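These are the residues of each chain, in order.
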Amino acid sequence: MRCLLLLALGLAAVAARKELTPHPHQGLSDPYPPGKPETELASKDIQLLRDGKLVQQSFKKGGGAGRALAVQDLHAPPDYVWDRILDFGNYPKMVPKVVKCNNYEVETFRNGTEAIKTRMVMNVFGAKFDNHIYHTYFKSLSSLTWTLDYARRSTLDDSVGYWYVEPCPDKSKQDVQEWSRVYYSCMLRVPKWVPGIVVNFLEKKAVSEANMWLKREAEAKFAKDKVSGQQLGKRGGTGGGVFGGFSLKGAGQHAAAPAAVEEEEDEDEEFTIAGTALGVARKAATFGVGYGAGWFMHARAVRRRSEEE
Ligand SMILES: *[C@@H]1O[C@H](CO)[C@@H](O)[C@H](O)[C@H]1NC(C)=O
């Protein structure tokens, strides 16, 4: 009996140690700065947004310049969009491939900005990704950025990302105050063991399986509250978070042609999955990527030699 107990304690200690092992580096990808992205929407893009499509842009200036950026209009006010993005505890119910998600540390600074550390476990066709993500929710700037929490070990080699939500500026909409414009961008570095078959499958199914979780969830909640005359309640206990990709039906129509899957000679190199739903694959040099499960769903995977090596 005592033996078993000791063994159990021993295993628990091993598990705890593993969890608290720092990541092997302190970040390889540049984090995104918070705030409104500098980008220009052409009139054809504005038309696509009106049609409910996902539009691909790139950051014009500043941190993140050249990185792919996804833009979408949702029929829900910004409060509703944030309510869903920050509901990390419910990601397993909302975001495809997320099997476990919880915040392990939440801190609100004096200026209202929140640091939200989230463990998110995803299962992508049997490949398990156990990541520790350090989100910063800049409420006053209506944006959320993230990096990995480098104090803990994650499966992904690196991930940085960004959300920005604004009241929809499209004055052609009669009920424009009920709409938001959402911007998303993400970069991802995937370790070499991730099987090519997983990557290929993702590439083929990316668009068909895209299910627009953020659009779906925010619009559904808003529509329900509107019908029942309810107000958005206070955000619940788990804090919020952000993640995932939203994708749009039809995103594929605007996505770049799939980049060829490049065979990797040197198995020690890392490769990066680029989110084509976000238009990332268009330029091989720009790796926008998904870090949330939702992302993987929309990711068109590109195997390539990491540029940073
Ligand atoms: C708020 O405070 C945090 C912590 O000191 C800081 O990182 C952040 O830049 C400050 N400003 C804003 C706009 O969040």
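Rules and cut-offs
Position numbers for residues count from 1 along each chain, tracking the sequence in the order it is written. Where local features are concerned, this predicted model is filtered to residues with pLDDT of at least 70; where side-chain atom pairs are given and counted, the filter is 80 or more; whole-chain, interface and lining totals use all residues. Note that water and hydrogens are dropped before the side-chain values are worked out from all heavy atoms of the structure. Starting at the N terminus, helices and strands are each numbered in turn, a helix being any DSSP run of H or I of at least four residues and a strand any DSSP run of E of at least two. Burial classes: relative accessible area under 20% of the type maximum marks a residue as buried, over 50% as exposed, and values in between as partly exposed (1.4 Å probe, protein chains only). A pair of strands is labelled paired if DSSP reports no fewer than 2 bridges between them. Only heavy atoms are used to decide nearness, and a residue is near a molecule or strand if one of them lies within 4 Å of it. Think of a polar contact as two N or O atoms within 3.5 Å of one another; within protein, one of them needs to be a possible hydrogen donor and the other a possible acceptor, and neighboring residues in sequence only count if both atoms come from side chains. Here the Shrake-Rupley method, with its probe set to 1.4 Å, supplies the accessible areas, and only the displayed protein chains count as covering residues. Salt bridge, as used here, is a side-chain nitrogen of Lys or Arg placed within 4 Å of a carboxyl oxygen of Asp or Glu. The angle between two axes is taken between their N-to-C directions and runs from 0 to 180 degrees, where each axis is a line fitted to C-alpha atoms and a helix contributes only its stretch in contact. By the definition adopted for this analysis, an angle is roughly parallel if under 35 degrees, roughly antiparallel if over 145, roughly perpendicular if from 65 to 115, and oblique otherwise. Handedness of a crossing follows from how the near helix is turned relative to the far one, being left-handed for an anticlockwise turn of less than a right angle and right-handed for a clockwise one. Between two residues, a contact is recorded if the distance between any of their heavy atoms is within 4.5 Å. Amino acid classes used here: Ala, Val, Leu, Ile, Met, Phe, Trp, Tyr, Cys and Pro are nonpolar; Asp, Glu, Lys and Arg are charged; the rest, including Gly, are polar. Working definition: a ring pair exists when centres of Phe, Tyr or Trp rings (six-membered ring for Trp) sit within 6.5 Å. Plane angles under 30 degrees give stacked, over 60 give edge-to-face, the rest tilted. Ring-over charges, as used throughout, are those where CZ of Arg or NZ of Lys falls within 6 Å of the ring centre and within 35 degrees of the ring normal.

The name given to the protein chain in an unreviewed UniProt entry is Coenzyme Q-binding protein COQ10 START domain-containing protein, with Tribonema minus as the source organism.

**Q** Quick rundown of unusual backbone geometry? Include the residues and the values.
**A** Its identity as a non-glycine residue notwithstanding, K97 has a phi of 80°, on the positive side. Mapped onto the elements of the fold, K97 is located in the loop between α4 (91-94) and β3 (98-108). We classify K97 as partly exposed; its relative accessible area is 22%.

**Q** Provide a residue-level description of the pairing of strand β4 (residues 114-124), including the pertinent values.
**A** The element β4 is extensively covered by neighbouring structure, given that 10 of its 11 residues are classed as buried. Pairing geometry for β3 and β4, over 9 bridges, is antiparallel. If you follow E107 over to β4, its bridge partner there is A115. Between β3 and β4, which pair antiparallel and follow one another directly, the connecting turn spans 5 residues, one of which, G112, has a positive phi of 95°. When β4 meets strand β5 (residues 127-138), the two strands line up antiparallel, connected through 11 bridges. Across the sheet, the residue bridging to V124 is A127, located in β5. The hairpin turn running from β4 into β5, its antiparallel successor, is 2 residues long, and F125 in that turn takes a positive phi close to 50°.

**Q** I'd like a rundown of the site of the ligand, residues and numbers included.
**A** Taken together, the residues surrounding the ligand are F109, N111, T113, F138 and S140. One nitrogen or oxygen atom from the side chain of N111 is found 2.3 Å from an oxygen atom belonging to the ligand. With the chains in place, 50% of the 360 Å² that the ligand exposes on its own is no longer accessible.

**Q** Requested: an account of the pattern of salt bridges, with residues and values cited.
**A** Summed over the entire model, instances satisfying the criterion amount to 13 salt bridges. For R50, the salt bridge identified is with D170, shortest N-O distance 2.8 Å. A residue pair is termed long-range when its members are at least 10 positions apart, and R50 in helix α2 (residues 43-50) and D170 in the loop between β7 (158-167) and β8 (180-189) qualify at 120 residues. Overall, the relative accessible area of 38% leaves R50 in the partly exposed class. The salt bridge partner of E217 is R216, with a shortest N-O separation of 3.2 Å.

**Q** Please provide a residue-by-residue account of the packing of helix α3 (residues 78-85) against helix α6 (residues 213-228), values included.
**A** Remark: α3 packs on α6, axes separated minimally by 9 Å, with the N-to-C direction vectors making an angle of 125°. In terms of their interaxial angle, α3 and α6 are classed as oblique. Relative to α6, α3 is oriented so that their crossing is right-handed. Counting all contacts with α3, which are made through Y80, V81, D83, R84 and I85, the residues of α6 involved are W213, L214, E217, A218, K221, F222 and D225. Across the contact of α3 with α6, the residue classes break down as 7 nonpolar, no polar and 5 charged.

**Q** Go over the sheet that holds β5 with me, naming the residues and quoting the values.
**A** Ordered in space as β1-β2-β8-β7-β6-β5-β4-β3, the 8 strands form an open sheet in which the pairing is antiparallel. Among the strands making up the open sheet, the edge pair consists of β1 (55-58) and β3. Across this sheet, the average inter-strand angle for adjacent strands is 20°, counted without regard to direction. As defined by bridge partners, strand β6 (residues 143-148) adjoins β7 across 4 bridges and the pair is classed as antiparallel. Bridge pairing links L144 to W163 in β7.

**Q** Which residues make up the packing of aromatic side chains, and what values do they have?
**A** Tallying each qualifying case throughout the model produces 11 aromatic pairs. Between the aromatic rings of Y32 and Y162, the centroid separation amounts to 5.6 Å while the plane-to-plane angle is 25°, which identifies the pairing as stacked. Remark: Y162 occurs in strand β7 and Y32 occurs in the loop between α1 (2-20) and α2; sequence separation between them is 130 residues. With respect to burial, Y32 and Y162 carry one shared label: buried. Judged by centre distance (5.9 Å) and plane angle (45°), the ring pair of W146 and Y184 falls under tilted. Within this pair, whereas W146 is found in strand β6, its partner Y184 is found in strand β8, the two being separated by 38 residues in sequence. Accessibility classification places W146 together with Y184 in one group, the buried group. Between the NZ or CZ atom of R67 and the centre of the ring of Y32, over which it lies, the distance is 4.5 Å. The lysine or arginine in question, K173, covers the ring of W179, its NZ or CZ lying 4.2 Å from the ring centre.

**Q** How would you summarise the side chain of S142 if you had to cite specific residues and measurements?
**A** Structurally, S142 is set in the loop between β5 and β6. The residues contacting S142, other than those within four sequence positions of it, are W82, W163, Y164 and V165.

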